[in-house]
Amino acid sequence: MANTASDIPAQARDASPVLILIPQGLTLTGVNTWAIDLARGLASRGRTVGLAIHGGAPGHTEMPLEPIPGVHIARAASLPIEDRGGDIEPVRAFYERVAWDLGATPSRPAVVIPTRHGDCFAAAAALTADPAHRLVLWQHVDDAYERAAIDRYATRASAFAGVSAFLAADLARRHPASADRTVRVPNPAHAPSDCPALCPTPSDADTVELLYAGRLEHRQKRVRALLHMSGALASVGFRHRLTLAGDGVAVPELRAAAPASPDRIRVLPPVDASAMPGLYASAHAVLLASRTEGLSCAVLESMAAARCPIITRTRSGADELIEDGVSGLLVGHDERDQADLQGLGRRIADAVRAGAQIGFDTLGQRAWARARERFTAREQLDAAEHLLTLAERAPALDLTSPIAAFSIAQGSVASGSVPSHGLERLLGALAGLPAGGVALHGAGQHTRQLLPRVLEAGYEIAGITDDDPSAWGGSIAGIPIVSPRALVDLGVVHVVISSWLHEGEIAGAWAQRRSEGLTIHRLYAEAIERIAS
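The sections below set out a description of the structure shown in this document.

Rules behind the numbers
Residues numbered from 1 in each chain as written. Predicted model: local features only at pLDDT ≥ 70, side-chain atom pairs only at ≥ 80, totals over all residues. Heavy atoms only, no water. Core = buried A, V, L, I, M, F, W, Y, C linked by side-chain atoms within 4.5 Å. Buried < 20%, exposed > 50% of the residue type's maximum accessible area, 1.4 Å probe, protein only. Helix = DSSP H or I, 4+ residues; strand = E, 2+ residues; numbered from the N terminus. Contact = heavy atoms within 4.5 Å. Salt bridge = Lys/Arg side-chain N within 4 Å of Asp/Glu carboxyl O. Pairing = 2+ DSSP bridges. Axes fitted to C-alpha atoms, helices over the stretch in contact; angles between N-to-C directions. Parallel < 35°, antiparallel > 145°, perpendicular 65-115°, else oblique. Left-handed = near helix turned anticlockwise from the far one by under 90°. Nonpolar A, V, L, I, M, F, W, Y, C, P; charged D, E, K, R; others polar. Disulfide = S-S within 2.5 Å. Arc of directions from axis to C-beta.

Section: the nonpolar core
Counting residues in hydrophobic clusters, the biggest one holds 89 residues, and the most contacted among them are Trp138 and Ile310. For this core, the element with the most residues is helix H2 (residues 30-44), which contributes eight residues. Contacts of tryptophan 138, omitting those with residues within four sequence positions, involve Trp34, Leu38, Ile113, Glu146, Ile150, Ala161, Val163, Val185, Ala384 and Leu387. With 41 residues, the next largest nonpolar core counts Ala76, Ala99, Ala124 and Ile408 among its residues.

Below you can see the structure in the form of structure tokens.
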């Protein structure tokens, strides 16, 4: 039941409104789940809260959203955040209108929280030219892209938040002048007061049910490692079934792999929150093979459901979430695992077998107890209220530096995704290669900005490749985008990685991939280096 005006303390009624920005539609992601959850919680405490939601990314399923008491929902389905070519003004104007609707004034400024996309951060930062808006930068994942977006607009931020102790400490280190306005605001688990029914540890003759629910892609989530895990378990006769539920660029590959092993791999479409309890109820353990995380909402959900989490030990969040061998299992990993997903899969398989020995029910019950003790909604909302108060009381900002978009038009030299020396590095790499037979890897902002300048300089590019199948068949500056396997048909001998933020991950993927006849070149190591094929 929504609070009435008489139920809400005067201090809460006078507090600044909060506007949370959702730039890529309500797709099924942990950040979007967090946004809805936080909006609901702050509204329950009397805050005026708004959600500004853009249209969704093509080909991705959106979550249903019922009205939330006390939360104003504004949609801009026809205002995409992607491919704006540096024009963020319509986006800024949309956010400003929603903030006005929430009652933002200089004496009661709206606290604006951007998420997920660099140009969403840029438009939110541009609002701070008007004293009726304050910017809070909230880091959800230990990721180069989100770090770059936060750091680019940090001078306009009134406060910072990290969902884990690691992220909060790293924010304070990167922005020491704002360290006293940087807060750890953990995600909540919403664990019930009574432990859910446990899934008994199976006997040797039973099938162990393993679940991954989330974004299906390889760069961060590394779901291919789970296929290798399944193969490793099958090779030693460990009966199991791996269920993969979600949406993402890896879906075609996973669906192609599933029919070859129908008894042990199944791929489900995205499921909304109402269907998750059923998936958890049938699982013995929930898996996460991520390269990076923040404080995983999916793991917190599994802990609240009393299911054993088996996750990689990332820098952020993993050791806060579980105690290894007590309330779950941590799988050690390092950057080399990006090039050895088979090895990572084998280690996850070893952890699954260890969980069966300890008892999935025992580990699951302890996980629920830890979630109920350490990751409560009250802790999140208390920390969030403290953060918002710091933002409201923050000193005046330096508004002298102009706000540039994160994603700049094709042909521009520098942006949030391209360093100032990026064009020089790319032209230098190409200058050392024979004419013809050269492709770029990466169909993102780095290539979109620099490729026109490369072509103007007279270099020939045979094609562009990318790991995202949805990009194949498109083009940038007239150069076709193809799958990595199609490079040979184009006569490609050299591949230059065209990415600054994700170069290391892409290089690791190429080191794993069979790339006979190709030489892979990096731009941003200490010197331009080659990865031998």
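From this point on, the discussion continues.
Remarks on the pattern of salt bridges
Think of it this way: side chains of opposite charge can pair up when their charged atoms draw near. Inspection of every chain in the model, using the stated rule, returns 22 salt bridges. Linking arginine 215 and glutamate 217 is a salt bridge whose minimum nitrogen-to-oxygen distance equals 3.5 Å. Using a relative accessible area of 32% as the deciding quantity, one classes arginine 215 as partly exposed. Here aspartate 382 and arginine 378 are joined by a salt bridge, their closest N and O atoms 3.8 Å apart. Placement of both aspartate 382 and arginine 378 in helix H14 (residues 377-392) is noted, with a separation of four residues, approximately one turn of the helix. Judged by its relative accessible area of 62%, arginine 378 is exposed. Bridged by salt links that share partners, the residues Asp151, Asp170, Arg173 and Arg174 form one connected network.

Regarding the pairing of strand S17 (residues 479-482)
In the case of a regular strand, side chains alternate between the two sheet surfaces. Relative to S17, strand S15 (residues 463-465) is paired through two bridges, and the arrangement is parallel. Counted as the bridge partner of threonine 465 is valine 482 from S17. In this sheet, S17 lies alongside strand S16 (residues 475-476) in antiparallel orientation, the contact comprising two bridges. From the neighbouring strand, isoleucine 476 faces S17, where its bridge partner is isoleucine 479. Taking the residues between adjacent antiparallel strands as the criterion, S16 and S17 are bridged by two residues, where alanine 477 takes a positive phi near 55°.

Thoughts on the packing of helix H15 (residues 422-431) against helix H16 (residues 445-456)
Two elements in contact, H15 and H16, have axes whose closest approach is 10 Å; the angle formed by their N-to-C orientations is 50°. Compared by their axis directions, H15 and H16 come out oblique. For H15 against H16, the interelement crossing comes out right-handed. Facing H15, whose interface residues are Gly422, Leu423, Leu426, Leu427 and Leu430, H16 presents Leu450, Arg453 and Val454. Its residues assigned to classes, the contact of H15 with H16 comprises six nonpolar, one polar and one charged.

A word on the sheet that holds strand S8 (residues 208-213)
Strand order in the open sheet formed by six strands is S10-S9-S8-S11-S12-S13, with parallel pairing between adjacent strands. Pairing within the sheet leaves two strands with one partner each, and these edge strands are strand S10 (265-268) and strand S13 (329-331). Across the sheet, the mean angle from the axis of one strand to that of its neighbour is 20°, orientation sign disregarded. Relative to S10, strand S9 (residues 240-245) runs parallel, the two sharing four bridges. In the strand pairing of S10, threonine 243 is matched with arginine 266. Of the strands in this sheet, S8, S9, S10 and strand S11 (285-288) are in contact with helix H7 (residues 224-235), which crosses S9 at around 170°. The sheet contacts of helix H10 (residues 297-304) involve S8, S11 and strand S12 (308-312), and relative to S12 the element is tilted by about 155°.

Points about the state of the cysteines
In the structure shown here, the tally under the stated rule is zero disulfides. In this model cysteine 199 remains outside any disulfide bridge; the closest cysteine sulfur is found in cysteine 308, 11 Å from its own. Between cysteine 297, a cysteine without a disulfide, and cysteine 120, which holds the nearest cysteine sulfur, the sulfur-to-sulfur distance is 17 Å.

Some points on unusual backbone geometry
Residues other than glycine seldom take positive phi values, yet histidine 190 does so here, at roughly 55°. Inspection of the secondary structure puts histidine 190 in the loop between strand S7 (182-184) and S8.

Side note on helix H6 (residues 165-174)
Those residues of H6 lying buried are Leu167, Ala168, Asp170, Leu171 and Arg174. Down the axis, H6 shows its buried residues gathered within 165° of arc, on one side only. Those residues of H6 that are buried lie in contact with strand S5 (133-139), helix H5 (144-152), strand S6 (157-162) and S7.

Some details on the packing of helix H12 (residues 341-358) against helix H13 (residues 360-374)
Two quantities define a packed helix pair, namely the angle between the helix axes and the distance between the axes. Where H12 meets H13, the axes come as close as 6 Å, and the angle between the chain directions of the two elements is 90°. With respect to H13, the axis of H12 lies roughly perpendicular. Contacts between H12 and H13 involve Val352, Gly355, Ala356 and Ile358 on the former and, on the latter, Phe360, Thr362 and Leu363. Residue composition of the contact of H12 with H13, by class: five nonpolar, two polar and no charged.

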